[in-house]
Amino acid sequence: ILNVEQSPQSLHVQEGDSTNFTCSFPSSNFYALHWYRWETAKSPEALFVMTLNGDEKKKGRISATLNTKEGYSYLYIKGSQPEDSATYLCAPEVSAGKSTFGDGTTLTVKP
Amino acid sequence: KAGVTQTPRYLIKTRGQQVTLSCSPISGHRSVSWYQQTPGQGLQFLFEYFSETQRNKGNFPGRFSGRQFSNSRSEMNVSTLELGDSALYLCASSLVVDSPLHFGNGTRLTVT
């Protein structure tokens, strides 16, 4: 069983602050590392799929990096906005069709 | 393109009963997986079906079972319900390995 840890558990920032969270995993033996955003009253939505060591992905103000050798992935949000408030989940796809989720980082952005 | 559809959205059952949840994946997606979220817990993997075969299974008791039909629609069944089965059950479909999961809105099950 792959133990996926995300930190911090929660984060409160002011609008305009930049922030980052960590996803760590003991093994790099997976097909891909997925990041999802889960807003209240909605279903999780895919942000990034990362497959190679050194991968960097970007979507607007949000970006992510993957380091499979050290066993971590970072998610960065530049200039946080209230609409970024959500729980961010990382999930290594440990076998074809099976993703193991971390408990997530809950971000609250205050106007 | 229609998203993943789960029915019903809400369900209330009593202990000892059984329940069946349904999931229709995005057209063309052959992989369907199920997750459970209980209060204070992250998403726990139940099982995954691909082309009508269970390809992956999580660490849940045998009371939890599922199946997938030839049109990729999937059902999940929980027998002999316990209070601890109260949870949000999410279904997700995906196209291929290392492609993202597309989640449905979930079924909120309450066991009394």
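For the structure itself, consult the block above.
The structure displayed is predicted, hence computed values, not measured ones.

Asker: Is there a simple way to think about the packing of aromatic side chains in this case?
Answerer: The relation between two aromatic rings is expressed through the spacing of the ring centres and the mutual angle of the planes. Across all of its chains, the model carries twelve aromatic pairs over all chains by this definition. Plain terms: the ring middles of Phe101 of chain A and Phe103 of chain B are 6.2 Å apart, the flat faces sit at 70° to each other, and that makes the pair edge-to-face. Placement of the pair is Phe101 of chain A in the loop between β10 (98-99) and β11 (105-110) and Phe103 of chain B in strand β10 (residues 102-103), with the two residues belonging to separate chains. Taken individually, Phe101 of chain A and Phe103 of chain B each receive the classification buried, so the pair is uniform in this respect. Look at Phe60 of chain B and Phe64 of chain B: their rings are 5.2 Å apart centre to centre, the planes differ by 65°, and that puts the pair in the edge-to-face class. Across this residue pair, the class does not change: Phe60 of chain B and Phe64 of chain B are buried.

Asker: Would you take a moment to explain the state of the cysteines for this structure?
Answerer: Each disulfide consists of a covalent bond between the sulfur atoms of two cysteine residues. Within the structure shown, the criterion is met by two disulfides over all chains. For Cys23 of chain A, the disulfide goes to Cys90 of chain A, at an S-S distance of 1.9 Å. Because the sign of the S-S torsion sets the handedness, a value of about 70° for the bond joining Cys23 of chain A and Cys90 of chain A places this disulfide among the right-handed ones. Linking Cys23 of chain A in strand β3 (residues 19-24) with Cys90 of chain A in strand β9 (residues 86-95), this pair joins segments that are 67 residues apart in sequence. A disulfide bridge connects Cys23 of chain B with Cys91 of chain B, and the sulfur atoms are separated by 1.7 Å. Across the S-S bond of Cys23 of chain B and Cys91 of chain B the torsion is about -50°, and the bridge reads as left-handed. Within this pair, whereas Cys23 of chain B is found in strand β3 (residues 19-24), its partner Cys91 of chain B is found in strand β9 (residues 87-94), the two being separated by 68 residues in sequence. Note on Cys23 of chain B: relative accessible area 0%, which makes it buried. The class for Cys91 of chain B is buried, based on a relative accessible area of 0%.

What counts, and at which threshold
- Per chain, residues are indexed from 1 in the order of the written sequence.
- Throughout, the order in which chains and ligands are written sets their labels, letters from A for the former and numbers from 1 for the latter.
- Note on the predicted model: pLDDT of at least 70 is required for a residue's local features to be given, and 80 or more for side-chain atom pairs to be given and counted; whole-chain, interface and lining totals, by contrast, use all residues.
- In computing side-chain values, all of the structure's heavy atoms are included and hydrogens and water are not.
- Centres within 6.5 Å make a pair out of two Phe, Tyr or Trp rings, where for Trp the six-membered ring is used; the pair is then stacked when the planes are under 30 degrees apart, edge-to-face when over 60, and tilted otherwise.
- What counts as a helix is a DSSP run of H or I of at least four residues, what counts as a strand is a run of E of at least two, and both are numbered from the N terminus.
- A 1.4 Å probe rolled over the protein chains alone gives each residue an accessible area, and that area as a share of the maximum for its type sets the label: buried under 20%, exposed over 50%, partly exposed in between.
- Our working definition of a disulfide is a cysteine sulfur pair at a distance within 2.5 Å.

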